[in-house]
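# Summary of the model geometry
One-letter residues, chain by chain:
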Amino acid sequence: MTKVKFSVAGLGRIGKIHLENLLQMENVEVVAVMDPMEECRKYAQEKKIPHIASTFQELLAIAPVDAVVICSPTDTHADYVEMAAKAGIHIFCEKPLDLSMQRVVQVLEVVDKANIKLMLGFNRRFDKEFKRVHDLVKEGAVGQPHLVKITSRDPGAPPVSYIKQSGGLFLDMTIHDFDMARFVVGKEVEEVYAKGAVLVDPAIGEAGDIDTAIVTLTYTDGTMAVIDNSREAAYGYDQRIEVFGSKGMAQADNNYEDSHRLYTKQGIQGSLPLHFFLERYAAAYRSEMDSYVASLKNGNAVAVDGRDGLKSLQIGLAAIKSLKEKRPVKIVEIKN
């Protein structure tokens, strides 16, 4: 390949981020986009994309295309990945691949048979602060890990209409933390114990979900992790991780607009964390796409494959079962 020819399916918030990043890459050519919404197609026209489709079938008919970025609603991911794989097109797909283990396994079989590259969008692995903690752990700087702490709190809850089709807190929001829990220490989870409540918005509870949670994970070697989630933090987007081990501790803090501090008689003041994921992880989105394009160019394995997504989904389903049954759940209980 000289330039990798890309198409993009879905031009919502994430789709636009990926499109903008792809358009800035010298070794990439965006040849087509797809979105059923007219205003999104007008956005693509403004970006001077050569081909603009309103359905995924139309998008697949546009050739030649080497890879497609799928950023459409969650309930379309599995079908679109299957269709693209059967057409011999490499795929970058936002998480989750599907909300059903059985369906994910079916799709991965199609991907394997087609011999194409599928990468899932767990962008936090590419955040430079989180990656630095991962690298320090891998280098042995903290010794043998004993405890992992992950804090993930949103600045505000999404609309209830979104929550109803998202798969809920554990499969929409915490799934990033489940992936990070595996990634940061390079270990697999054996047991999940989840507690949750509706403390932010009663409408979320009426929709059958929770907005506040604590999840305890136990790894296969006995190491433990604690994840805390909230749909609404009054001070903004709170994203922190910590790994404590036999030799020390590594932490990654929030990112801020600036690092100033004001000291007065009243106390110390500073900037709030960056507002939300589009701002906090802007560089990570670019880095993950750089990584995917590089894998297509050099033939290396993708950084986050379909089985990583499957394992995070399995942990999420175990958390749902744990919350419902009010007990710790072994990962082996969650089968395809």
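Now for a quick tour of the structure. Note that the structure is a prediction, hence the values are computed from the model and not measured.

## Some thoughts on helix 12 (residues 282–298)
Its 17 residues give helix 12 an end-to-end C-alpha distance of 25 Å, which sits within 8% of 24 Å, the value for a rise of 1.5 Å per residue. Among the residues of helix 12, Ala284, Tyr285, Glu288, Met289, Tyr292, Val293, Ser295 and Leu296 are the ones counted as buried. Of the residues trailing helix 12, Gly299 is marked for its positive phi of about 80°.

## Observations regarding unusual backbone geometry
A cis geometry characterises the amide bond from Ala63 onward to Pro64, with omega recorded as -5°. Following Lys95, the chain continues to Pro96 via a peptide bond in cis, the omega torsion being -15°. Relative to the helices and strands, Pro96 is located in the loop between strand 5 (90–94) and helix 5 (101–114). Phi at Asn115 is positive, roughly 60°, even though this residue is not glycine.

## Side note on the packing of aromatic side chains
On inspection of all chains with the given rule, the structure shows six aromatic pairs. Measuring from centroid to centroid gives 6.3 Å for Phe130 and Tyr281, while their planes differ by 65°, and the two rings are edge-to-face. Separated by 151 residues along the polypeptide, Phe130 in helix 6 (residues 128–139) and Tyr281 in the loop between helix 11 (277–280) and helix 12 bring together distant segments of the chain. Each member of the pair Phe130 and Tyr281 is classed as buried. Sitting above the plane of the Tyr43 ring, Lys16 keeps its charged end 4.8 Å from the centroid. Across from the ring centre of Tyr256, 6.0 Å away, lies the NZ or CZ of Arg261, which sits over that ring.

Definitions and limits used
Along each chain, residue indices are assigned from 1 in the same order as the chain's sequence is written. Local features in a predicted model are, by the rule used here, given only for residues with pLDDT of at least 70; side-chain atom pairs are given and counted only at 80 or more, and totals for whole chains, interfaces and linings are based on all residues. To get the side-chain values, take all heavy atoms of the structure and skip hydrogens and water. Secondary structure is summarised from DSSP: a helix means a run of H or I of at least four residues, a strand means a run of E of at least two, and numbering begins at the N terminus for each. To estimate how far a helix should extend, the number of its residues minus one is multiplied by 1.5 Å. For every residue, the accessible area obtained with a 1.4 Å probe (protein chains only) is divided by the maximum for its type, and the residue is called buried under 20%, exposed over 50%, and partly exposed between those limits. By convention, a stacked pair of Phe, Tyr or Trp rings (six-membered ring in the case of Trp) has centres within 6.5 Å and planes under 30 degrees apart, an edge-to-face pair has planes over 60 apart, and any other such pair is tilted. The criterion for a charge sitting over a ring is simple: Lys NZ or Arg CZ within 6 Å of the ring centre, and within 35 degrees of the ring normal.

Geometry only, nothing functional implied.
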